[in-house]
Amino acid sequence: MLRGFGTTARGALLALALVMAVVGPAAPAVAQGDSGGAITIVKDDELPSNAEIAVRLSESTPLPDVRRVVISRDDDFADALASGVLQSSSPLLLVPRNGPVPERVIGEIRRVGASSAVILGGTSAVAPAVEQQLAAEGLTVQRRSGGSRFETAVAIAREEAGDATTAILARAFPSDPANPTQGFADALAAGGMAAANDWPILLSDTAALTPATREYLAGSAIDRVLIVGGTAAISQGVEDEIRTMVGQTERIAGDSRAETAVEIAKERGDESAADAGRIVLVDGSSPDGFAGGFAAAAHSARFDAPILLSDGLRLPPATEAFLAPAAAAFAGTGQGPTVTCVVHPLACDGGREALGLAELPLLSVDPPINSLVQPGQQVTLRLGPVAEGAGRDVTVKGSCLSGTRDLTTDGSGRATFALAGQLNEVCSVEITYGEGEDSVAQGYSYTTDPEGQRGPGISVSSEVFTYGTAVPTSPVYVNDTISCTGGQSAEAREDSAYEARILQEDFHVQSFSLTSFPFDVTPGATCTARVEVPSGVSRTLWGVYSWSDAGLRNPLLLGNGTTATFSFDELGQDVSDVDVVWILETNTADVGRPEPTGPGTPGQVFNPDGLPVVCDGELLGDGLSFLEPGALCEVSSPTAGVQVLVVEPGRAVQAQDRATFSPLATQETVGVYAVVTGEGAGPVGSCTDAPEVEYATITPGMTTPAAPSTVHAFYGFAGEQLRMRADRSGDSDLDPVLALYDPAGGLLDSNDDGDSALNSRLDVTLPVEGLYCLEVGGFGGTTGAYLLAVDPAPVFTDSQVLDAATPEGTYSYTGQAGDLLVMEMRAPGFAPTDPILELYDAQGNLVAADDDGGGYPNARLVVTIPATGDYLVRVSVYAESYGPFTFEASYPTSAAAFAAR
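Note that the coordinates shown come from a computational prediction; the quantities given were computed from them, not determined experimentally.

What counts and how
Residue numbering note: each chain is counted from 1, following its sequence as written. Per-residue local features are limited, in this predicted model, to residues with pLDDT of at least 70; the limit for side-chain atom pairs, both in listing and counting, is 80 or more; totals at the level of whole chains, interfaces and linings are taken over all residues. Neither water nor hydrogens contribute to the side-chain values; these are computed over all heavy atoms in the structure. Numbering goes from the N terminus for both helices and strands, where a helix is a DSSP run of H or I of at least four residues and a strand is a run of E of at least two. Categorising residues by exposure relies on relative accessible area from a 1.4 Å probe, with only protein chains included: less than 20% of the type maximum marks a residue as buried, more than 50% marks it as exposed, and the intermediate range marks it as partly exposed. Any two residues having at least one pair of non-hydrogen atoms within 4.5 Å are treated as being in contact. With residues, only the protein chains shown are counted as cover, and all accessible areas are computed by Shrake-Rupley using a 1.4 Å probe. At least two DSSP bridges between two strands are needed for those strands to be called paired. Geometry is summarised by axes, namely lines fitted to C-alpha atoms with helices restricted to the contacting stretch, and by angles between N-to-C directions that run from 0 to 180 degrees. How sure the predictor is of each residue is captured by pLDDT, a score from 0 to 100. Between 65 and 115 degrees an angle is taken as roughly perpendicular, under 35 as roughly parallel, over 145 as roughly antiparallel, and anywhere else as oblique. Crossings are sorted by hand: turned counterclockwise from the far helix by less than a right angle, the near helix makes the crossing left-handed, and turned clockwise it makes it right-handed. Put simply, Ala, Val, Leu, Ile, Met, Phe, Trp, Tyr, Cys and Pro go in the nonpolar bin, Asp, Glu, Lys and Arg in the charged bin, and everything else, Gly too, in the polar bin. Note that patches include only residues with greater than 30% relative accessible area and no salt bridge, and the join distances are 9 Å for like charges and 5 Å for nonpolar side chains (Val, Leu, Ile, Met, Phe, Trp, Tyr). By salt bridge we mean one thing: a side-chain nitrogen of Lys or Arg within 4 Å of a carboxyl oxygen of Asp or Glu. Stacked, edge-to-face and tilted are the three classes for Phe, Tyr and Trp ring pairs, Trp counted by its six-membered ring, which pair at centre distances within 6.5 Å; planes under 30 degrees apart are stacked, over 60 edge-to-face, the rest tilted. This arc is built from the directions going out from the helix axis to the C-beta atoms. Here a polar contact is taken to be a pair of N or O atoms separated by no more than 3.5 Å, where protein atoms must pair a possible hydrogen donor with a possible acceptor and residues adjacent in sequence count only if both atoms sit in side chains.

J.: What should I look at first to understand the overall build of the protein chain in this one?
T.: For the protein chain, the helix and strand inventory stands at 14 helices and 55 strands. Expressed as a percentage of the 901 residues in the protein chain, the buried residues total 56%. Residue pairs at least 24 apart in sequence account for 73% of intrachain contacts in the protein chain once pairs closer than 6 positions are excluded. Summed over all atoms, the accessible surface of the protein chain reaches about 34,100 Å², with 49% contributed by carbon and sulfur.

Below you can see the structure in the form of structure tokens.
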């Protein structure tokens, strides 16, 4: 749920830049010699497509006599898993599955001079329109495809490596559906080994050898199989079966995906980076890491360079340990391995540092970016530190200048240029430095100041986000403090508390943060930032950035730990803004809350019913109150027949006679509500006049600030098993809280987030016959539209994942005429799935279908079965919005047959 979530536009962009791979200029890169350097495929301030990443890797890989290219879809890794053997002489390029082929891809095909193309996968993976466009370019087009990724891998092996006696075996699917990158992590590093040796990559399920792979091995010349990954990836049973078939197996595995990549490097003959002329770093943890990872196979084979993995922003210990010996072996020689970076700039910097390579220079300008300037004013740029910035060629252009300036920095890394004599109200400057693939371009803007009123203030702010291997089950709460003293200003202090909310369940970055309000200090100030993190955070990193003066590419400072101290003089440049970014690694789902200490943003308590809430000895009034974080609050039932309901993050919603709580210093609100439980009272008086909920239908409703809860009624029978849901509707701000009251007015059950992050669900067996009340309110005082349903309890439940290889599924149902069949297909949490449900009779006729009938994106069908017989339920998704789903079916008699097919 996103209540209380917020970030500035600048903060959102910074967070995106820290978590997404960013790629440099589009011009073909020239490969450097193996004398110690870097090819930065991934670099400055862009958010490239997967297709663009593959093109730039091809541009950096001088393959001789390229006669064909390999084409795979850009949104899924299924068919690219086995592409390594094709890349011994052919680059892998990625395209949208339905086309059109991007101009950059067409341009690269023309550049390499290919006359043919091999498409991986069938027409459901890469549409005929792509094949037709390639043919129109004069290419001879073939496919390597099968009914699944297993059969596609076998087809590649038969056509491309028919004489091979060694094969590589990798898993095809993740063991944990919540961690989809498991499905390709081991195969990334194996791709270069396959391309270098012309070995096919075969695929298998984890627990059992896939029939297509078994059949191929039985009839091929393969007498040796290299299994990549541990038994959690490919089971011991699969290895034993293969050994009986081919005679020899070897497992290449470590305790993590990064260690497995290192073991593959050793299998290729490199005990450490000191033995290698080049290293390829790819992202082994982000969902789109497969794009650069698989497309790097040709590069890896061409330069005999092992492929190693990063973990998003950093290098895992196994990768660092492999790189470190090179720094010692080549210290002072100016030699050493080249590193090809297909990773985030922070991870690339870590690789360069581990290899002993020089740091890239940082750029600053004076006046700082976004300053007020005057026509003809002198601007000084500086590349630092001096060792890297002196004597550099720099090009300056833009609307702030009357032309292009080609400059060279002096011995201190500085160069000066003048702005044009006439300026628009806002103008731009673009400064480019570095050569070839290491070039960096940074953009700046200035505002014209005819009266010369430029001020000295420096904006200071902070942000928090998390990454790691596990998705926390509750929000990650962080207390943060920044204080600055000295300089030309009095002490400036900012104390803030943050709540980092989970946005996506991937292996890479998992949440952004609330951002502190900036405050101003002046040059010469020294700042200390501290962060209090909860239990479950295994590592805390920090970076000091200047959005305006250094850009997202270049941190001014980096460090570990929960305290960061810096002075503006020590930063080595005149910055106009500073952003302290805290990076929290979470590798456990059980993340607690830190205990607030000291003054901070007030906690909030919402007490609309005027209950006797006492916090640190002070009686709160009605409505909203603000408290010091960590204040101890107590509330008890004011009269007989009334209980209290305390609603806060991570707390079970349960009415009780007495409750204690401590409001946290966040924008969250702790709500305290009165619940009437007296005989016949109901939640807000009698249910007699409440609107009736129609059984097995969707009933819309609305709450407003004037009426923050709404009551519905239905007549139930003793022993009846029901499921009740209250879902947020559309763009409503409501975070539903659902409560059920029995005919005597007693609270039976209540729920906040039992169904998903924003929806409530109750599963109950009614105790007596009579009129029941359902009350829908909002967490933390939220109001808005909702959808309410009272259905028979599900008799059949199944959870699956749909993807490009399995785009649909089916269930069989044997029904009786007149049966009321209720089916729902729901996307869990923030999953991208947009389900579609269809019901067919035995003759294949469509009986009913639905897309968003359960409230977007969930599908829902309520059907009265027209005739006794067999039926087929088809589940799919709208417009390839693949992902996990839960399917549930309810009907009056559980004897009816319902099963997955």
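Additional details are given in the paragraphs that follow.
J.: How should I be thinking about the sheet that holds strand E35 (residues 633-636) in this particular structure?
T.: Backbone hydrogen bonds are what pair the strands of a sheet, in a parallel or an antiparallel way. With antiparallel pairing, the four strands of this open sheet are ordered in space as E33-E32-E35-E37. Since the sheet does not close on itself, it has two edges, and those belong to strand E33 (618-619) and strand E37 (658-661), each with one partner. In this sheet, E37 lies alongside E35 in antiparallel orientation, the contact comprising four bridges. Note on E37: the bridge partner recorded for Val635 is Ala659.

J.: I tried to follow the sheet that holds strand E44 (residues 760-765) on my own but got confused; where do I start?
T.: In space, the four strands of this open sheet follow the order E39-E46-E41-E44, with antiparallel pairing throughout. The strands lining the two open edges of the sheet, one partner per strand, are strand E39 (698-702) and E44. Direction aside, neighbouring strands of the sheet carry axes that sit 20° apart on average. Pairing analysis gives seven bridges linking strand E41 (residues 721-728) to strand E46 (residues 785-792), with the strands arranged antiparallel. Opposite Arg728, over in E46, you have Tyr786 as the bridge partner.

J.: Mind showing me how you'd approach the confidence of the model for the protein chain here?
T.: Low-pLDDT portions of the prediction should not be read for the details of their coordinates. Confidence along the protein chain averages 78 in pLDDT terms, with 76% of residues attaining 70 or more. Every residue in residues 452-456 is under pLDDT 50, and counting partners more than four places away or in other chains gives eleven contacts.

J.: I would appreciate a short explanation of the packing of helix H2 (residues 50-59) against helix H3 (residues 103-112) in the present structure.
T.: Packed helices, taken two at a time, are described by the angle their axes make and the gap between the axes. At a minimum axis distance of 10 Å, the contact between H2 and H3 shows a crossing angle of 20°. Comparing the axis directions of H2 and H3 gives the class roughly parallel. Seen from above, H2 lies across H3 with left-handed handedness. Contacts between H2 and H3 involve Ala51, Glu52, Val55, Arg56, Ser58 and Glu59 from the former and Arg104, Val105, Glu108, Arg111 and Val112 from the latter. Counted by class, the contact of H2 with H3 contains four nonpolar, one polar and six charged residues.

J.: Explain a nonpolar patch on the surface to me, please; I cannot follow it from the model alone.
T.: On the surface, a nonpolar cluster with roughly 290 Å² of combined accessible area is contributed by Tyr715, Phe717 and Leu771. Examined against the element boundaries, Phe717 turns out to sit in the loop between strand E40 (710-716) and E41.

J.: I tried to follow the packing of helix H12 (residues 317-329) against helix H13 (residues 345-355) on my own but got confused; where do I start?
T.: At a minimum axis separation of 6 Å, H12 and H13 run at an interaxial angle of 45°. Overall, the two elements H12 and H13 adopt an arrangement that is oblique. Residues Leu323, Ala324, Ala326 and Ala327 of H12 form the contact with H13, whose own contacting residues are Gly351, Ala354 and Leu355. Residue composition of the contact of H12 with H13, grouped by class: six nonpolar, one polar and no charged.

J.: Looking at this structure, how should I read the pattern of salt bridges?
T.: Between side chains of opposite charge, a pair can form as their charged atoms come close. This model, assessed by the stated rule, comprises 34 salt bridges. For Arg104, the salt bridge identified is with Glu52, shortest N-O distance 3.0 Å. With Arg104 in helix H3 and Glu52 in helix H2, this residue pair connects regions lying 52 residues apart in the sequence. Across the pair Arg658 and Glu634 runs a salt bridge, and its minimum N-O distance is 3.5 Å. A residue pair is termed long-range when its members are at least 10 positions apart, and Arg658 in strand E37 and Glu634 in strand E35 qualify at 24 residues. Classification of Glu634 as partly exposed rests on a relative accessible area of 34%.

J.: Help me understand the environment of Pro700 in this model?
T.: Within the element layout of this structure, Pro700 appears in strand E39. Sequence separation between Pro700 and Gly855 is 155 residues; the distance between their C-alpha atoms is 10.0 Å. What Pro700 contacts, discounting residues up to four positions off in sequence, is His712, Tyr786 and Leu787.

J.: Sorry, what's going on with the pairing of strand E45 (residues 770-778) here?
T.: For a regular strand, the rule is simple: side chains alternate between the two faces of the sheet. Burial runs high along E45: eight of the nine residues are buried. Alignment of E40 against E45, held across seven bridges, turns out to be antiparallel. Note on E45: the bridge partner recorded for Ala713 is Cys773. The pairing of strand E42 (residues 736-741) with E45 spans six bridges and is classified as antiparallel. Paired with Val737 across the two strands is Gly777, which belongs to E45.

J.: Before we go on, may I ask you to explain the packing of aromatic side chains in this structure?
T.: Within a pair of aromatic rings, the relevant descriptors are the distance that separates the centres and the angle that separates the planes. Per the stated rule, a full pass over the model turns up twelve aromatic pairs. Judged by centre distance (6.1 Å) and plane angle (55°), the rings of Phe77 and Phe290 are tilted. With a gap of 213 residues between them, Phe77 in the loop between strand E2 (68-73) and strand E3 (92-95) and Phe290 in helix H10 (residues 289-295) connect regions that are remote in the sequence. Note on accessibility: Phe77 and Phe290 belong to one class, buried. Considering the side-chain rings of Phe796 and Phe887, the 6.2 Å spacing of their centres and the 65° angle between planes classify their relative orientation as edge-to-face. Here Phe796 is found in strand E47 (residues 796-802), whereas its partner Phe887 is found in strand E54 (residues 883-890), with 91 residues between them in sequence. Put simply, the rings of Phe77, Phe184, Phe290 and Phe294 touch in pairs and so form one group of aromatic residues.

J.: Would you take a moment to explain the environment of Cys341 for this structure?
T.: Within the secondary structure, Cys341 is located in strand E12 (residues 338-342). For the pair formed by Cys341 and Gly292, sequence separation is 49 residues and the distance between their alpha carbons is 9.7 Å.

J.: Where do I start with unusual backbone geometry in this structure?
T.: Generally, phi is negative for residues other than glycine and the peptide bonds are trans, each holding for most cases. Of note, the bond from Gly99 into Pro100 is cis; its omega dihedral lies within 30 degrees of zero at -5°. Looking at the secondary structure, you find Pro100 in the loop between E3 and H3. Pro857 follows Tyr856 through a cis peptide bond whose omega is 0°. The residue Pro857 is located in the loop between strand E51 (846-850) and strand E52 (859-864) in this model.

J.: Got a minute to help me understand helix H8 (residues 236-246) in this structure?
T.: Residues that lie three or four places apart on an α-helix share one face, since the helix turns once every 3.6 residues. Those residues of H8 that fall on the buried side of the exposure criterion are Val238, Glu239, Ile242 and Val246. Buried residues of H8, viewed axially, fall in a sector of 95°; they line one side. Tucked into the core, H8 has its buried residues touching strand E6 (166-171), strand E7 (201-204), helix H7 (211-219), strand E8 (224-228) and strand E9 (249-252).

J.: Would you mind going over the side chain of Thr833 with me for this structure?
T.: As for its placement among the helices and strands, Thr833 is situated in the loop between strand E49 (820-826) and strand E50 (835-841). Polar side-chain contacts of Thr833 include one of 2.6 Å to the backbone oxygen of Pro884. Apart from residues lying up to four places away in sequence, Thr833 is in contact with Ala827, Pro857, Val877, Ser881, Tyr882, Gly883, Pro884 and Phe885.

J.: I tried to follow the side chain of Asp791 on my own but got confused; where do I start?
T.: Here Asp791 lies in strand E46. Its relative accessible area of 6% is what places Asp791 among the buried residues. Among the polar contacts made by the side chain of Asp791, one reaches the side chain of Arg860 at a distance of 2.8 Å. Those residues within four positions of Asp791 in sequence are excluded, and the remaining contacts are Ala696, Thr697, Gln721, Leu722, Arg723, Val822, Glu824 and Arg860.

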